[in-house]
Each structure stands twice: as structure tokens, then as C-alpha cells.
Amino acid sequence: MDIRRRNNVTVTGRADAPVLLLAHGFGCDQHMWRLVLPTLAERYRVVLFDYVGSGRADPTAWDERRYTSLEGYALDVLEVCEELDLRDVTFVGHSVSAMVGVLAAAKAPRRISRLVMVAPSPRYIDEDGYRGGFSAEDVDELLESLESNYLGWSAAMAPVIMGNAERPELGQELTASFCATDPDMARVFARTTFLSDSREDLKTVTVPTLILECRQDVIAPREVGAYVHDVIPGSRLVTLEATGHCPQLSAPQATAGAIVDFLGAV
């Protein structure tokens, strides 16, 4: 299988520089990184890709059984690393991809040596002693709405996820990205995302880790950032002066700057 074509792999930046691998979240694709890319590409070799079922990845490679688990998305990551023979990579994962990176790093520590988690959440559903931001009923309702009317759900939810109501073009972009995703594949990815529980996986992280959270984020509230920081020894938690769940779009300079600062210190 042609992995580069399957995952629509793009390589840019400095050929002789350390590698950053940028991984998008649910309903998105590599285009979501475009505003941080100029800053990062000046200093690093940057690899972008689309998960199967997203963006311009090969839809014929879709396998529902594989992608009902975050392990399937981690396999995408590792196969891209193997195809390009990437080693000593900094994995930058947005949203659910932060947990995908945790799984990939545990499986291939020689490939992934640093993690940057952008608005991560290891568990979206509240439990005793843990606040993920959603009740079980909230998630059930969210998934039922998505599965019954994906386009309507996208139009309603994307602006809420993005935040920044005073900048409606951001919510419109996320809506368009959601709506461009195949509904059947999106349903699988959504269920995999919102029902996941990666809290135990966080305990396997031994590599230098940066956690980027936003001042306000309805998907990953600040209690979640604090939890991830507490569980991963030696991790760095940075609260961006940004709102919403996609700081790479709403606050690209701050996001890119925090990544560069972190990599300069490790």
C-alpha cells in the first residue's frame, strides 16, 4: 500500500532539521495547521498527513473495524513514520490526536521522542473525582444527534467547539471541514473519540511533553489540562491567551511560539 497517498502525506520545511509530525483532530485535516506552519517550517522539517476517513486521505483504505479504536489511528501515525523512516520525532497532536500520540509513542519510542498536546482530553465524560466536561447523557445525546443528522449537527456544533463568536469565520471554517467529512466515517471517528478513556495510557508517557490549553474551551476545560499535567511527570502546561478548542486557528502565533519555546528548552 502507498502510505503517502493513503494518508495524503505532505513534507515541508528544512530538510536537515528536526522533525515535527502534525496530527489533526476529529472532523479536521492537515489544512487546519496552515497558520502555524510558516513559523514551524522556518525551523523544522514538518510532516503533515490526514487520517484515513479525513481530508484527502484515500477513502478506499477505510476499515471501520480498525478505526473503532484509537489504536487504529495510532497505526496510521506509525505507518507514516515507517514509510518516511522518521526517528526522534516531535508529535504535535490536536484534541483526540494528543491521545493517539500517547499510544504511538508507547509503541515506538525510537520514533517519537517528544509530545506536544494541543487541547488534549484523555476522557470526555465526567466521573467521580474527574471532570471531563460532559455527562454520559451529554455524550449520548451528542452522538445520537450526530448520527441522525450529521450535517445539521456540524452546523450547530462547530461554532460552539471553535468558540470566538466575535470571529464567525472561524466557526464557518470548522463547519465546512466537518461537512466535508464522509458522514459514515465521521460517525465512527466521533464515537471512538467521545467514548475513549486514555487516562491509564497517560501513565505510560516518559518523553518530554508540552500541554497547550486555552483559557476557555468547552471541549477540554482547564481541569482536564491540569489533570494531564499532574499525571505526566515533568510535563509543561501552558495556558494560551485564547478561547475555543482550536488555538492553531484562533491564536496561531501564540501556539507556534509555545511549541518553538518548548523545543528550544528540551
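Before reading further, recall that the structure is shown in the block above.
Keep in mind that this is a model prediction, so the values were computed, not measured.

**Quick word on the pattern of salt bridges**
Here the idea is simple: oppositely charged side chains can pair when their charged atoms come close.
Then comes step 1: Applying the stated criterion to the full structure yields 24 salt bridges.
Then comes step 2: In this structure, the salt-bridge partner of R5 is D58, at a minimum N-O distance of 3.2 Å. Of the two residues, R5 is situated in helix α1 (residues 3–6) and D58 in the loop between β3 (45–48) and α3 (70–84); the sequence distance between them amounts to 53 residues.
Then comes step 3: Its relative accessible area of 53% is what places R5 among the exposed residues.
Then comes step 4: Exposure remark for D58: the relative accessible area of 13% places this residue in the buried category.
Then comes step 5: Here R199 ties to D197 by a salt bridge, and the two come within 2.7 Å at their closest N and O atoms.
Then comes step 6: Because the salt bridges share partners, they merge into one network encompassing R6, R66, D76 and E79.

**Examining the sheet that holds strand β5 (residues 112–118)**
Then comes step 1: Strand order in the open sheet formed by seven strands is β1-β3-β2-β4-β5-β6-β7, with mixed pairing between adjacent strands. Looking along the sheet, the strands with just one partner apiece sit at the ends: β1 (10–13) and β7 (236–243). Sheet twist, expressed as the mean angle between neighbouring strand axes with direction ignored, is 20 degrees.
Then comes step 2: In terms of strand pairing, strand β6 (residues 209–216) meets β7 through six bridges, oriented parallel. Bridging across to β7, I211 finds its partner in L237.
Then comes step 3: Taken strand by strand, helix α4 (residues 96–107) contacts β2 (19–23), β4 (89–94) and β5, and its axis lies near 165 degrees from that of β5.
Then comes step 4: Seen against the sheet, helix α12 (residues 252–265) touches β2, β4, β5, β6 and β7 and runs at an angle of roughly 155 degrees to β6.

What counts and what doesn't
- Residues numbered from 1 in each chain as written.
- Predicted model: local features only at pLDDT ≥ 70, side-chain atom pairs only at ≥ 80, totals over all residues.
- Heavy atoms only, no water.
- Salt bridge = Lys/Arg side-chain N within 4 Å of Asp/Glu carboxyl O.
- Helix = DSSP H or I, 4+ residues; strand = E, 2+ residues; numbered from the N terminus.
- Buried < 20%, exposed > 50% of the residue type's maximum accessible area, 1.4 Å probe, protein only.
- Pairing = 2+ DSSP bridges.
- Axes fitted to C-alpha atoms, helices over the stretch in contact; angles between N-to-C directions.
- Contact = heavy atoms within 4.5 Å.

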